[in-house]
Amino acid sequence: MFSLLLGALYALASTVSGVASTTVRRTATPYTANVTDCPGYTLGLLRESDIGLTAQLTLAGPACNAFGLDISDLTIEVTYQSQSTLHVKIYDTANQQFTIPESVIARPAPPTTSYTNGSDLIFNYDTTPFAFWITRRSDSDAMPLFDTRTSSLPPTPIPPFNASDPSTAFDGFPLVFEDQYLQLTSALPYGTNIYGLGEVIASSGFRRDIGTDGGVGTIQTHWNLGVSDPIDQNLYGSHPIYIEHRYNATTGKASASGFRGSDIFLQTPPSSKVSLIEYRMIGGILDFYFFSGPSDAEVIAQYGSIIGYPMWQPAWGFGFHLCRWGYHNISDDRENVAQMRAAGIPLEVQWNDIDLYHAYRDFTTDPVSFPGDEVREFIQELAANHQHYIPIVDAAIAVTRNSTDVYDPYTRGVEEDVWIKNPDGSLYIAEVWPGYTVFPDWFSENMLSVWTDSLKNWSDMGVEFSGIWLDMNEPSTFCSYSCGTGANFSSVGPLTDVSSVVIGYPECYNETLWGPSGNMTINGTSTYSCAANSTTMTMIAKRGVGASSEEDVDLNNPPYAIHNAAGSLNQHSLATNATHSGGYVDLDVHNMFGLMEEKATHLAIQSILPEKRPFLISRSTFPSAGKWTGHWLGDNFSKWQYMYLNIQGVLQFQIYQIPMVGADTCGFNDNTDEELCNRWMQLSAFTPFYRNHNTNGALPQEPYRWESVADASRIAIAARYAMLPYWYTLFANSSMAGLPPVRALFYEFPDEPELFTVDRQWLIGSDILVTPVLTPGATTVDGIFPGRGSVIWRDWYTHAVVNATSGQNTTLDAPISHINVHIRDNSALLLHQEPGYTIYETREGPYSLLVSLNAAGTAFGTAYVDDGISFPPGPSRRLTFQAAEGTLTIDSKGEYEILQMLETITVLGVQKPTQVSFQGSPVDGWTYKEATEELVVSNTSANLNGQATLVWR
């Protein structure tokens, strides 16, 4: 097959930095707000080298000053970084524009080997007007992967595609490079498949709307914002990379490509033969990386080689986590842990939200509801049972209210000069849960020591955490600008109105008719309240693009106003003139706040818990965040719609190299009900991060609250824990090579266009297919089985072969508490034979091996094993399983000693043998199931530190 991913348009400055933002309008300069007359640039002074080329770009005519001042002299550097990676950087020759410091994201060094003549990617250019396009050496006649030539783009001007928003017009496609505005446009194949450009909850699904097939196109803004999961708007993180997956209907072959940006338009103008992507950025430079693949997963891995591979996860992080805002005291925590144990539902990690705090202040515990000594005792009890504890850390730090108020994190920070300031040098004071607050300045040279000491002191006071949960770190505030400047601090205390009763419920549950229980049945009667065959699901409203006439939305201040979901960029976050050490303003570094907090927290935990892998989950993310943290998908809603949207979020973050990701299971905002929570607990068991969490005042939704949910949870968690060696291997491959643990179906089957829009199913690695129920009242589910009949898919639970319809949906039984999971043929999975209550107990038990043969009788698989906790990772062992012609061989290499034995080997797809031998000796205790062609060899007690062979004839 032919596949490529033209990698991250990695604008390491404005594009990635969050410079996609407003700037103070310089009213003395008459900006034209139109790029029609922008002259573009002329290339000259070209110098070639063994690794690429350098040239000068000079403004080709009178400045147009569309949304800023044109910069007349630019430099372009093109580097063939590797066989599969091409780097294109365009910057102002005077180096006055903002670029991301190397201390935040380190860029790869120039190559020491020349790839100019061997790279699969070729940089082509025109000198006047300057334009460039990227082609593939192996397919030079194909449409370029990226093409900025105006001759390749539709004729302009093109009127607004949203009549209420003039900024959706395309006045022209020149290269524009101004101090406050950059624009670059590329042609794309008509109606091509685009994925990524997040963080976003896209109404179109995992595949982005490009303006064809009845779509309206996409405007994706990158400005980190702490709001409750809006549709089609900017969210908590910024990851302006996209994957383009092309398909040639004539050849039946697929290809892929990908990029990054700020205000990014995906559109297909009327009557145009091509689609397009346009980047509109404010400030900074253009710094692009292109990757050639040749597969989707390999391009994602190549992107990881630039920004950094994901952190190593501790094995316990794959367990089930439980939290809510509303565990009001330590007794609630204890009761919760006891109820989970009594119900037989595995609980790995107990969490606490801001209820833990004294007056909502970070690094404290409430002396009445969470006394430090009792918290310590509780956490040590968890540890004695091989369980763990994670508390929340909000980004804002409380300001002391008067001279008698003692709060060391704040006062120490004042002494060390580590808080963000106003332009006049005074403290920038916002308002969050504890009242007036300051924010950490991660550029301060003293910030890491203050942060580390605050976390260590907290642990010493009793909060002996195993990991940390970082929240509100876009950063999020409750007021605009420095609202506390000059205020009387003693007049404003912590917010108190945080316990209102939540009244919303999922689709198809009528609380007016059935009351607040959320039960599926009441007195034997079903509470399902949708009409027969109804698929109605609540759509959370999204703000229109034309915001100028909408209340509380002001996008008119900047020369070019990006489409921020909150309106003004100063809403719900720091003002753009907030000042950081080194003279940085928040306008330039806003989107990096969460990343820098994650790095500091990760390093702090390494110091506090030496030789152990940190575990972090954070809300705000940015390129390279996966080196330091995992991510949860934010403040979602207890709606069936949001359970479905959960899937695209998990798939997106595999692209962004943050694979440890999951949603608030059963939903955060509003009330859940029994059926939704049942289905969601099953779904999340097959995503990387698995946590149930909900809001204060909502219906309790711990999985033991309903017996059907408890049953569904026990079944799903048992399957999850059995698969732990497989999950762990996938994440090891991610940390070592950047390969995505969770995959869209087309990643593995790139030439099947019916899969390009599938986002209601996913693959764990290459071998496990998950098909959840996503609608209320259902007892069946439709799912597609990739391979068009060439792949044998077997049921995880029964091992029966699926009689699938080639290239179309197949209807599967899906009674309540059952989620469909299937095993791909040609696979060999190392499993835990006896899932325990905790990850530790599970890992202490024996292994089993599940082999699923293809039609040719072959299978292959690998497993990575180490101690699951050491940092940096210590000795390891790599196992290889290979089956062919009635023989299974197990190869073992490495220094880590596996103490647990392989006790059972199951081989699917075997004709009934007459004899079976293991390690050269006949086996008497084997069994065979005719219906599933299943050979089971028990009590093998095989040592996985050596070689082993199973033969059947």
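Residues numbered from 1 in each chain as written. Predicted model: local features only at pLDDT ≥ 70, side-chain atom pairs only at ≥ 80, totals over all residues. Heavy atoms only, no water.

Participant: Can you tell me about the overall build of the protein, naming the residues and giving the values?
Facilitator: Within the protein, the secondary structure is distributed over 15 helices and 48 strands. What you see for the protein is a C-alpha radius of gyration of 28 Å, in line with the 30 Å of a compact globule of 953 residues. Taken along the three principal axes of its C-alpha coordinates, the protein extends 90 × 75 × 60 Å. A burial count over the protein gives 65% of its 953 residues as buried. When contacts within the protein are restricted to residue pairs at least 6 apart in sequence, long-range pairs at least 24 apart make up 73% of them. As displayed, the protein offers around 32,500 Å² of accessible surface, 50% of which is attributable to carbon and sulfur atoms. (Helix = DSSP H or I, 4+ residues; strand = E, 2+ residues; numbered from the N terminus. Rg over C-alpha atoms; globule rule 2.2 N^0.38 Å. Buried < 20%, exposed > 50% of the residue type's maximum accessible area, 1.4 Å probe, protein only. Contact = heavy atoms within 4.5 Å. Areas by Shrake-Rupley, 256 points an atom, 1.4 Å probe, with all protein chains shown as cover.)

Participant: Help me get a handle on the side chain of threonine 601, residues and values and all.
Facilitator: Looking at the element boundaries, threonine 601 is found in helix α9 (residues 593-608). Not counting residues up to four positions away in its chain, the partners in contact with threonine 601 are Trp451, Leu455, Ile468, Leu470 and Leu616.

Participant: Tell me what's going on with the state of the cysteines, and back it up with residues and numbers.
Facilitator: If you walk through the whole model with that rule in mind, you get four disulfides. With its sulfur 1.8 Å from that of its partner, cysteine 508 forms a disulfide with cysteine 530. Measuring handedness by torsion sign, the sulfur bridge of cysteine 508 and cysteine 530 sits at about -90 degrees and is left-handed. Residue cysteine 508 is located in the loop between β23 (468-471) and α7 (511-514), and its partner cysteine 530 is located in the loop between β25 (525-526) and α8 (586-589); the two are separated by 22 residues in the primary sequence. For the pair formed by cysteine 508 and cysteine 530, the shared burial category is buried. (Disulfide = S-S within 2.5 Å.)

Participant: Describe unusual backbone geometry, listing the residues and the values that go with them.
Facilitator: Cis geometry marks the peptide bond from glycine 293 to proline 294; its omega dihedral reads 20 degrees. When you line up the elements, proline 294 lands in the loop between β16 (286-291) and α2 (296-307). A positive phi angle, near 45 degrees, is found at asparagine 65, a position not held by glycine. Along the chain, asparagine 65 falls in the loop between β2 (52-59) and β3 (73-80). Accessibility expressed as a relative area gives 21% for asparagine 65, which makes it partly exposed. With a phi close to 50 degrees, glutamate 885 is a non-glycine residue in the positive phi region. We classify glutamate 885 as exposed; its relative accessible area is 74%.

Participant: With reference to specific residues and values, describe the sheet that holds strand β14 (residues 263-267).
Facilitator: Reading across the sheet, the five strands line up as β8-β9-β15-β14-β11 and stay open at both edges, with antiparallel pairing between neighbours. Two strands lie at the open edges of the sheet, namely β8 (176-177) and β11 (218-220), each paired on one side alone. In terms of strand pairing, strand β9 (residues 182-189) meets strand β15 (residues 274-281) through eight bridges, oriented antiparallel. Bridge pairing in β15 links alanine 187 to leucine 276. (Pairing = 2+ DSSP bridges.)

Participant: I'd like to hear about the packing of helix α10 (residues 640-655) against helix α11 (residues 674-684), residue by residue, with values.
Facilitator: Look at α10 against α11: their axes get within 10 Å of each other, and the N-to-C directions meet at 5 degrees. Judged by the angle between their axes, α10 and α11 are roughly parallel. Mapping the contact onto sequence places Trp640, Tyr642, Met643, Asn646 and Ile647 in α10 and Glu675, Leu676, Arg679, Trp680, Leu683 and Ser684 in α11. Looking at the contact of α10 with α11 residue by residue, the classes come out as seven nonpolar, two polar and two charged. (Axes fitted to C-alpha atoms, helices over the stretch in contact; angles between N-to-C directions. Parallel < 35°, antiparallel > 145°, perpendicular 65-115°, else oblique. Nonpolar A, V, L, I, M, F, W, Y, C, P; charged D, E, K, R; others polar.)

Participant: For the sheet that holds β3, give the residues involved together with the corresponding values.
Facilitator: Read across the sheet, five strands follow the order β1-β2-β3-β4-β16 without closing on themselves; strand pairing throughout is antiparallel. Two strands in the sheet have a free side with no partner beyond their single neighbour: β1 (41-48) and β16. On average, adjacent strands in this sheet sit at an angle of 15 degrees to one another, irrespective of strand direction. Across seven bridges, β3 lies against strand β4 (residues 85-92) in antiparallel orientation. The partner of leucine 74 across the bridge, within β4, is aspartate 92. Each of β4 and β16 is contacted by α2, which is oriented at about 140 degrees to β16, the strand it contacts most.

Participant: Tell me about the pattern of salt bridges, and name the residues and values.
Facilitator: Across all of its chains, the model carries 24 salt bridges by this definition. With a closest N to O distance of 2.7 Å, arginine 788 and glutamate 754 form a salt bridge. You can see arginine 788 sitting in the loop between β34 (780-784) and β35 (793-795) and its partner glutamate 754 sitting in the loop between α14 (745-748) and β32 (762-764), a full 34 residues away along the chain. Look at the salt bridges and you will find they share partners, linking Asp471, Glu474, Arg619 and Asp635 into a network. (Salt bridge = Lys/Arg side-chain N within 4 Å of Asp/Glu carboxyl O.)

Participant: Please set out α9 residue by residue, giving values where relevant.
Facilitator: Here α9 is 16 residues long and its end C-alpha atoms lie 22 Å apart, about the 22 Å a rise of 1.5 Å per residue gives. α9 sits mainly inside the fold: twelve of its 16 residues count as buried. When α9 is considered as a whole, its buried residues turn out to be Phe593, Gly594, Leu595, Met596, Glu597, Glu598, Ala600, Thr601, His602, Ala604, Ile605 and Ile608. (Expected span 1.5 Å × (residues − 1).)

Participant: Go over the packing of α11 against helix α12 (residues 707-722) with me, naming the residues and quoting the values.
Facilitator: Viewed as axis vectors pointing N to C, α11 and α12 meet at an angle of 5 degrees, and their least axial separation amounts to 8 Å. Looking at the two axes, α11 sits roughly parallel to α12. Where α11 abuts α12, its residues Glu674, Cys677, Asn678, Met681, Gln682 and Ser684 lie against Ser708, Val709, Ala712, Ser713, Ala716 and Arg720. Partitioned by chemical class, the residues of the contact of α11 with α12 number five nonpolar, five polar and two charged.

Participant: Quick rundown of the environment of glycine 662? Include the residues and the values.
Facilitator: Within the fold, glycine 662 resides in strand β28 (residues 661-662). Of the residues examined, glycine 662 reaches a relative accessible area of 0% and is grouped as buried. Put simply, glycine 662 and leucine 266 are 396 residues apart on the chain and 27 Å apart in space, counted from C-alpha to C-alpha. The contact partners of glycine 662, leaving out residues within four places of it in the chain, are His631, Trp632, Leu633, Val650 and Phe689.

Participant: An account of the environment of lysine 893 is needed here, citing residue identities and associated values.
Facilitator: Topologically, lysine 893 is positioned in strand β42 (residues 887-894). According to the relative accessible area criterion, lysine 893 is exposed, its value standing at 57%. Not counting residues up to four positions away in its chain, the partners in contact with lysine 893 are Ser876, Arg877 and Arg878.

Participant: Pulling in residues and values, what's your account of the packing of aromatic side chains?
Facilitator: Going through the model one piece at a time under the given rule, you end up with 52 aromatic pairs. With a centroid separation of 5.0 Å and 85 degrees between ring planes, the pair formed by tryptophan 442 and tryptophan 451 is classed as edge-to-face. Tryptophan 451 shares its class with tryptophan 442; the two are buried. Consider the rings of phenylalanine 443 and tyrosine 584, whose centres lie 4.5 Å apart with planes at 40 degrees: the pair is tilted. (Phe/Tyr/Trp six-rings, centres within 6.5 Å; stacked < 30°, edge-to-face > 60°.)

Participant: Break down the confidence of the model for the protein for me, citing the residues and quoting the values.
Facilitator: Confidence in the prediction for the protein averages 91 pLDDT; 92% of positions are at 70 or higher. Considering only residues more than four positions removed or in separate chains, one finds that residues 1-28, a stretch of pLDDT under 50, has 169 contacts. For the stretch residues 535-556, pLDDT sits under 50, and the model shows 47 contacts to residues farther than four places along the chain or on other chains. (pLDDT = per-residue confidence, 0-100.)

Participant: Kindly report on helix α5 (residues 408-416), identifying the contributing residues and their values.
Facilitator: Among all positions in α5, only Pro409, Tyr410, Arg412 and Gly413 are buried. Elements that come into contact with the buried residues of α5 comprise β20 (397-398), β22 (435-438) and α6 (447-460). Positive backbone phi, approximately 60 degrees, marks aspartate 417, located one or two places after α5.

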